Amino acid sequence: MRLVTFTLAPRGTIQYLRTMSGDKPKPGSNAPTYPVSIRTAIRPSTAPELNTGRFAREYCYITPAYLQTIHRTVGQHVRVSVDGTKETGLFTVRAISNLPTPCVEIGIDTLPEKLNLSLTGGELAGRIIRYAPHPSYSDSLAASKKDFVERIDLHPTARNFLILAPHGGNIEPDTAGQAETVYKALQTANKNPSRWFCLGYRSDECDADDRWHITSTQINATSFPKLSKIAEHSFMHVISFHGFIAANAADKIIYVGGLSNHRNGLRDALVAAFPTLDIPAFADVDSHYQSAQPENITNRLAVNPGGIQIEQSKKVRTDHGTDVANAVADFIKTL
Ligand SMILES: [Zn+2]
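Described below are features of the structure shown in this document. This is a predicted model, so every value here is computed, not measured.

Our next topic: the overall build of the protein chain. The secondary structure content of the protein chain amounts to eleven helices and 14 strands. Per-residue burial for the protein chain yields a buried fraction of 45% across its 335 residues.

All right, on to the sheet that holds strand E9 (residues 148-153) then. Pairing within the open sheet is mixed, and its six strands lie in the order E9-E11-E10-E12-E14-E13. Only two strands of the sheet have a single neighbouring strand rather than two, namely E9 and strand E13 (254-257). Recorded for the sheet is a direction-independent mean angle of 15° between the axes of neighbouring strands. Bridge count for E13 against strand E14 (residues 308-313) is four bridges, and the pairing is antiparallel. Within the sheet, the bridge partner assigned to tyrosine 255 lies in E14 and is glutamate 311. Running at roughly 160° to strand E10 (residues 161-169), helix H5 (residues 175-188) makes contact with E10, strand E11 (194-200) and strand E12 (237-244) of the sheet. Its contacts with the sheet place helix H8 (residues 263-273) against E13 and E14, and it is angled at close to 155° to E13.

Turning our eyes to something else, we now look at the environment of tyrosine 137. Inspection of the secondary structure puts tyrosine 137 in the loop between strand E8 (123-129) and helix H4 (139-145). The exposure class assigned to tyrosine 137 is partly exposed, which follows from the 17 C-beta atoms found within 10 Å. A C-alpha to C-alpha distance of 7.1 Å links tyrosine 137 and valine 149, two positions twelve residues apart in sequence. Those residues in contact with tyrosine 137, other than ones at most four positions away along the chain, are Ala142, Lys145, Asp147 and Val149.

Moving on, we come to unusual backbone geometry. Cis geometry is found at the peptide bond from asparagine 304 to proline 305, where omega equals 0°. By the secondary structure assignment, proline 305 is in the loop between helix H10 (297-300) and E14. Positive phi, normally seen in glycine, also occurs at lysine 146, with a value near 60°. Along the chain, the position of lysine 146 falls in the loop between H4 and E9.

On the secondary structure map, isoleucine 106 appears in strand E7 (residues 104-107). Looking at isoleucine 106, the number of C-beta atoms within 10 Å reads 28, which means it is buried. Not counting the four nearest positions on each side in its chain, isoleucine 106 is found in contact with Ile38, Thr40, Ala41, Leu50, Cys60, Val80 and Leu111.

We now examine helix H11 (residues 314-332). Between the first and last C-alpha of H11 there are merely 23 Å, a value that for 19 residues lags more than 12% behind the 27 Å anticipated at 1.5 Å per step. Where H11 bends most, at histidine 320, the angle is about 90°. Turning to H11, its buried residues number three or more, namely Lys314, Val316, Arg317, His320, Gly321, Val324, Ala325, Val328, Ala329, Phe331 and Ile332. Considering only its buried residues, H11 is in contact with E10, H5, E12, E13, H8 and E14.

If you walk around this closed barrel you meet the six strands as E3-E7-E4-E6-E5-E8, and the pairing is mixed. Taken over all neighbouring pairs, the strand axes of this sheet differ in orientation by 45° on average, direction set aside. Where strand E4 (residues 59-62) meets E7, three bridges bridge the pair, whose relative direction is antiparallel. In the sheet register, isoleucine 62 faces E7, and the bridge partner there is valine 104.

Quick notes on the rules
- Residues numbered from 1 in each chain as written.
- Predicted model: local features only at pLDDT ≥ 70, side-chain atom pairs only at ≥ 80, totals over all residues.
- Helix = DSSP H or I, 4+ residues; strand = E, 2+ residues; numbered from the N terminus.
- Buried ≥ 20, exposed ≤ 12 C-beta atoms within 10 Å, placed from the backbone.
- Pairing = 2+ DSSP bridges.
- Axes fitted to C-alpha atoms, helices over the stretch in contact; angles between N-to-C directions.
- Contact = placed C-beta atoms within 7 Å.
- Expected span 1.5 Å × (residues − 1).
- Bend = angle between axes of the 7 residues up to and from the residue.

Dropping the structure here:
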C-alpha cells in the first residue's frame with residue numbers, strides 16, 4: 001500500500017509528501033516538494049564535480065525524466081533533504097545524471113558536511129523542494145526556522161546603483177548589514193539605489209555556508225524570484241559584499257575585485273582609509289577572489305565591463321565592518 005501524507009504548504013496550497021513508491025504529483029502540479037532517491041556519487045570518473053573542487057558540495061546531478069517531473073532544468077537550484085532528518089541543503093543542478101533510475105546524485109562528502117549524516121554511500125529516501133529562497137518567510141521567521149530568504153528593494157526607475165549581499169545572515173556574517181549601510185547612505189545622498197540580498201541561517205548541526213551558499217558565478221535568477229526582477233537590467237554601478245575565512249583568523253584582508261573600471265579607485269580609497277589592513281592590488285589577488293568572471297552575478301547585473309566585488313576576511317567584518325561599508329559608500333557616492 002502506498003503511503004501518502006498531505007500537509008499544508010505555505011500559502012495554503014496542498015503539498016504532497018510521499019514515500020519512495022515512485023508515484024508523482026499530478027502533471028502540472030505546483031507542489032513544491034517531491035519524493036526522490038538520493039544517491040551519493042562514488043563514480044569520480046563520471047561525476048568528478050560532485051567529489052572534487054571548491055564547489056562540490058553545492059552541486060547535484062539529476063536524471064532527465066526526474067528533472068522534468070519537478071519542472072526544473074540544469075543550472076537551476078533545488079533544496080534536498082533526507083527523510084527523517086531535519087537538515088536541508090541548497091544545490092545547483094550542475095548536470096544530468098546518467099544513472100538508470102530516477103534520482104538525485106550528490107557528492108560523497110556532501111551528506112556529512114551539508115546534511116549532517118554520517119553515511120557515505122548507498123541510496124536514501126528524501127525530498128526535493130523546488131524553491132531556493134523560502135517563498136514566504138519574514139526575516140525573523142527565516143532566522144527562527146533557520147531557513148534561507150531573499151530580499152529586494154528596487155527603485156522604480158533609477159538604475160545607477162545596485163548593492164548586493166548574496167550570502168548574508170550566517171552564510172558570510174555582517175555582509176547584509178554592510179550592504180544595508182551603503183544602501184541607506186546612498187538613499188540619504190539622493191542617489192536612488194536598489195539592493196538585493198539573501199539571509200541564510202545555520203542549523204544546530206550544520207554551518208550556514210554549507211547549507212545555503214551558491215557561488216556568485218552560479219546564482220541563477222530563474223530560481224530567485226526577486227532577483228529575476230532585476231536580472232534583465234544593467235545597473236551603472238554594482239557593489240557586492242562578501243566574506244571569506246582567512247588562513248589565519250587574525251588576518252585583516254580585503255580583496256577588491258570585479259570587472260568595474262572603478263575597482264582600483266575603490267581599492268586606493270580603502271588603502272588610504274585603512275592603512276593597517278591588508279588590501280592588495282588586484283594583480284596580487286588570488287584569481288578566485290578577483291571575481292573577474294563575466295558570469296559572476298556582480299558583473300552580470302552591471303553595465304560593461306562589470307561591477308565591484310568586495311571580499312573580506314572575518315576579522316575585517318567583525319572589527320571594521322561598518323567602517324568599511326561607510327568608506328565604500330563615501331567612494332561610490334562620488335561616481
Ligand atoms: Zn560570498
